[in-house]
Amino acid sequence: FSPVVSSLNIPKFHRVSTEFLAELDTEVHAFRNAGVLTSVDLGALASSVAYYYNRGTTFELPSHQTRGGLRYGPPGKPGFVMAGSISYDNQRDLFQGGTMQVGYNGGCYGVNVQFEAYDIGARKETRIRFAFGLKNVGSYGSDAGAGAPGADRGQLAARRGRDAPCPAQRAGGGERGGALRGRA
C-alpha cells in the first residue's frame, strides 16, 4: 500500500501563506486525511490557524482537529519572544493541548520557559520546562531541546543566538570574546 500524498503550498502573498495537504488511499479510493494551514506573518507578530481531517484506520481514531498559534517577538533575533498554541478535536469535543512559551535571546545567551498541558483521552499531562544556553558552549535545563517561542521545529532560543557573534566578538576580541570563539 502506498498512498498518494499531495501538498500545495501557496507562498506568502501580502504576508499571508496557505498550504493544502491531502492523502489519498489507493486501495479504497478515498481520502485518508486532509488539511489546510494559513499563517499571517507581520514581522514581530505572527499567527496561524489550521484544520486537519483524519478518516481513521484500524490503528487510529478518526479526528477533526483545529489548531491555532500566536507569536509576538522577533524570531531569531535578540529580544523578548512569547508564543502560544492550542489544539482542539472537534469530533470528540476535546481540548487536546496547549503550549505557552516565553523567552529572551541576548547576543550570547538565551533563556526559555515553556508550559504545556495535554489531554488526549487516556493521557493527561502538564509540565513546565526551562532552558538556558550560552553561545558556542551549550544549553542547560529541564529540556534542552525545548522549542524557543516562535521557532520552527524545536530550535532552542540559545541555539538561535549561536548564529550571530557576541558583542565582544564583533568588537574584535577581548578575553571573553576569545574564550567563546575558541569553543566553536
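Being a predicted model, the structure only gives us computed values, none of them experimental. (Residues numbered from 1 in each chain as written. Predicted model: local features only at pLDDT ≥ 70, side-chain atom pairs only at ≥ 80, totals over all residues. Heavy atoms only, no water.)

Draft legend 1. Inspection of the sheet that holds strand 3 (residues 30-41) at higher detail. With antiparallel pairing, the 10 strands of this open sheet are ordered in space as 1-2-3-4-5-6-7-8-9-10. Because the sheet does not close on itself, it has two edges, and the strands there are strand 1 (4-13) and strand 10 (138-141). The mean angle between the axes of side-by-side strands here comes to 10°, regardless of whether they run parallel or antiparallel. Here strand 7 (residues 94-105) pairs with strand 8 (residues 109-119) via 9 bridges, running antiparallel. Bridge pairing in strand 8 links Asn105 to Gly110. (Pairing = 2+ DSSP bridges. Helix = DSSP H or I, 4+ residues; strand = E, 2+ residues; numbered from the N terminus. Axes fitted to C-alpha atoms, helices over the stretch in contact; angles between N-to-C directions.)

Draft legend 2. Region of interest: the environment of Arg129. Of note, Arg129 is situated in strand 9 (residues 124-134). When the C-alpha positions of Arg129 and Ser142 are compared, they lie 5.4 Å apart, and in sequence the two are 13 residues distant. A polar contact is formed between the side chain of Arg129 and the side chain of Gln114, at a distance of 2.4 Å. (Polar contact = N/O pair within 3.5 Å; in protein donor to acceptor, adjacent residues only side chain to side chain.)

Draft legend 3. Summary view of the packing of aromatic side chains. Here the structure, examined in full by the defined rule, presents 3 aromatic pairs. Arranged with centres 6.0 Å apart and planes meeting at 35°, the rings of Tyr104 and Tyr109 form a pair that is tilted. On the basis of relative accessibility, which here comes to 36%, the residue Tyr104 falls in the partly exposed class. Grouped by ring-pair contacts, the aromatic residues Tyr104, Tyr109 and Phe132 constitute a single cluster. (Phe/Tyr/Trp six-rings, centres within 6.5 Å; stacked < 30°, edge-to-face > 60°. Buried < 20%, exposed > 50% of the residue type's maximum accessible area, 1.4 Å probe, protein only.)

Draft legend 4. A look at the confidence of the model for the protein. Summary statistics for the protein give a mean pLDDT of 78 and a share of 77% for residues scoring 70 or more. Confidence drops under pLDDT 50 across residues 144-184; counting only partners more than four residues distant or on other chains, this segment forms 86 contacts. (pLDDT = per-residue confidence, 0-100. Contact = heavy atoms within 4.5 Å.)

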